[in-house]
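Structural overview
So you can see what is in the structure, the chains are spelled out below.
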Amino acid sequence: MTNLLSGEEQKQILNRGFSRRSLGKFASILTAGAALPFYNESAMAQLSMVKDIPADAVKINANENPLGPCPEAADAIHSIVQKGGRYLYDETFNFAGTLAGIEGVKPNYVIPYAGSSDPLHRAVLAYTSPTKSFVVADPGYEAGGRAAEYVGAKVVKVPLTKSFAHDVRAMAEADPNAGVIYVCNPNNPTGTLTSRADIEWILANKPKGSVLLLDEAYLHFSDATPCSDMVAADKELIILRTFSKLFGMAGLRAGAAIGRPDLLAKMQMYSAGALPVTGMVGAKVSLQQKSLVASRKKAMRAIRADTFDFLAKNNIEFIPSDSNCFMLNAKRSAHEFIGAMAKEKVYVGRSWPSMPTYSRITVGTADEMAKFQAAAKKVLA
Ligand code: PLP
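The text that follows walks through the structure, step by step, so that each part is easy to find. All values derive from a computational prediction rather than experimental measurement.

This next bit is on the packing of aromatic side chains. Aromatic rings in a pair are described by how distant their centres are and how their planes are angled relative to each other. All chains considered together, the criterion is met by 7 aromatic pairs. Each ring, one from Phe-318 and one from Phe-326, has its centre 6.4 Å from the other, and the planes form 80°; the classification is edge-to-face. We classify Phe-326 as buried; its relative accessible area is 0%. By the ring-pair criterion, three or more aromatic residues cluster together here, those being Phe-95, Phe-243 and Phe-247. One cation-aromatic arrangement involves Arg-146 over Tyr-39; the distance from NZ or CZ to the ring centre is 5.1 Å.

In structure tokens, the structure reads:
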């Protein structure tokens, strides 16, 4: 298996602190990613949930967008299907160029992927090792930590602050040998924001040799400003974007890594081939819809505000959020709450070990949230 790696690649891997025994693991990652357990939101939602969800159930467990792609993106996807016998690489370049234009970075600062789980895993493989740790907030999105554990890297969890922001000072001090500092803004699962000033601070003060991996999966639901200007200024950060959230394309797959070309190049060693043209076209057309972000954000917020009103009126504790998900305190084992809600055909999200009485709830449609309200009232009565 290790003969799949060139002598130079083997040397690079060993220089990063991996043992000779790890070479086989790396070689198998290169063969279609088969050996790397791939963690994404839906896989984790399934792990923590009862399987075989009934078709008429409310699914607010995986931070998906029930609206799906906007009509213009759906039309473009339908039209390209007939041409799908070809690789159509230009569609991938067009998507990258459109995103680069909006973000104010050069086209070679954007690499498209089929979603952002993929570059998240690649960044962890590229920048962590048995001697370079992965620093993450607690509670935080788990996928990167699981990939780090897989390659034998230490995972350092740093509790969020009292206001549920990333504790950037504690994260910077957590390990002088950090390889990746992962900041998710707004955070998954809490939906809370970390200020731009704090992101600037950690970028300036992170341990030498580490990269800041800034996951902006939920950025468009919040009023936070994107940090792509920091990439344009050639700082040591990689931004992750996905079209699975506000743009409603989780099953269609599109995403991107935005960063300095030399930082992105290290992730490309683990690269795959052509990307699904349906996802690329859908993403490009979504970006071209000028009012889409504002209108979807507004609609989601109205439903979220109504949900928060209901929770407050019924004395159900929750953490106010800037995203399309929030944490609800069931004041009992969250597993029990999740199971009781499933009996009402409302599938809510998982809990995190550091917050065992909280379940993460995704904001669905008005109709779905009405069903959520009725079930929560019954279960938590
Ligand atoms: N990052 C965060 C914080 C997420 O919550 C998710 C999915 O839920 C992803 C990345 C990856 O999403 P996808 O692979 O669908 O783009």
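Next up on the list: the sheet that holds strand β10 (residues 325-329). One open sheet holds the 3 strands; their spatial order is β9-β10-β12, and the pairing between them is antiparallel. The strands lining the two open edges of the sheet, one partner per strand, are β9 (317-319) and β12 (358-362). Sheet twist, expressed as the average angle between the axes of neighbouring strands with direction ignored, equals 30°. Alignment of β9 against β10, held across 3 bridges, turns out to be antiparallel. Its bridge partner lying in β10, Ile-319 is registered against Met-327.

Here the focus is the site of the ligand. Near the ligand there are 15 residues, and of these Ser-117, Asp-215, Tyr-218, Thr-242 and Lys-245 occur at the shortest range. Measuring from an oxygen atom of the ligand, one finds a side-chain N or O atom of Tyr-218 at 2.6 Å.

Counting 66 residues, the largest nonpolar core has Leu-311, Leu-328, Met-341, Val-348, Ile-361 and Phe-372 as its most contacted members. Beyond its immediate sequence surroundings of up to four residues, Ile-361 is in contact with Ile-60, Asn-324, Cys-325, Phe-326, Leu-328, Phe-337, Val-348, Met-369 and Phe-372.

In an α-helix, one turn spans 3.6 residues, which is why side chains three or four residues apart end up on the same side. Under the 1.5 Å per step criterion, the end-to-end length of helix α5 (residues 89-103) is 21 Å for 15 residues, consistent within 8% with the ideal 21 Å. Every buried residue belonging to α5 is among Glu-91, Thr-92, Phe-95, Ala-96, Thr-98, Leu-99, Ala-100 and Glu-103, and all of these are buried. At its buried positions, α5 is contacted by α4 (71-81), β2 (110-113), α10 (228-232), β7 (237-242), β8 (255-259) and α12 (277-288). Directly after α5, the chain includes Gly-104, whose backbone phi takes a positive value near 75°.

What follows concerns the sheet that holds strand β6 (residues 211-215). Here 7 strands make up an open sheet; going across it, the order is β2-β8-β7-β6-β5-β3-β4 and the pairing mixed. In this open sheet, the two strands that pair with only one neighbour each are β2 and β4 (155-159). Recorded for the sheet is a direction-independent mean angle of 20° between the axes of neighbouring strands. With 4 bridges joining them, β2 and β8 adopt antiparallel strand pairing. Within the sheet, the bridge partner assigned to Ile-111 lies in β8 and is Ala-257.

Before going further, it helps to spend a moment on unusual backbone geometry. Between Asn-185 and Pro-186 the backbone carries a cis peptide bond, its omega angle lying at -5°. Examined against the element boundaries, Pro-186 turns out to sit in the loop between β5 (178-184) and α9 (196-205). Note that the residue after Asn-188, namely Pro-189, is joined by a cis bond; omega there is 20°. Along the polypeptide, Pro-189 turns up in the loop between β5 and α9. The backbone of Asn-63 shows a phi angle near 50°, a positive value even though the residue is not glycine. Position of Asn-63 relative to the elements: it lies in the loop between β1 (58-60) and α4. Looking at Asn-63, the relative accessible area reads 0%, which means it is buried.

About the cut-offs
Residues numbered from 1 in each chain as written. Predicted model: local features only at pLDDT ≥ 70, side-chain atom pairs only at ≥ 80, totals over all residues. Heavy atoms only, no water. Phe/Tyr/Trp six-rings, centres within 6.5 Å; stacked < 30°, edge-to-face > 60°. Buried < 20%, exposed > 50% of the residue type's maximum accessible area, 1.4 Å probe, protein only. Lys NZ or Arg CZ within 6 Å of the ring centre and 35° of its normal. Pairing = 2+ DSSP bridges. Helix = DSSP H or I, 4+ residues; strand = E, 2+ residues; numbered from the N terminus. Axes fitted to C-alpha atoms, helices over the stretch in contact; angles between N-to-C directions. Near = heavy atom within 4 Å. Polar contact = N/O pair within 3.5 Å; in protein donor to acceptor, adjacent residues only side chain to side chain. Core = buried A, V, L, I, M, F, W, Y, C linked by side-chain atoms within 4.5 Å. Contact = heavy atoms within 4.5 Å. Expected span 1.5 Å × (residues − 1).

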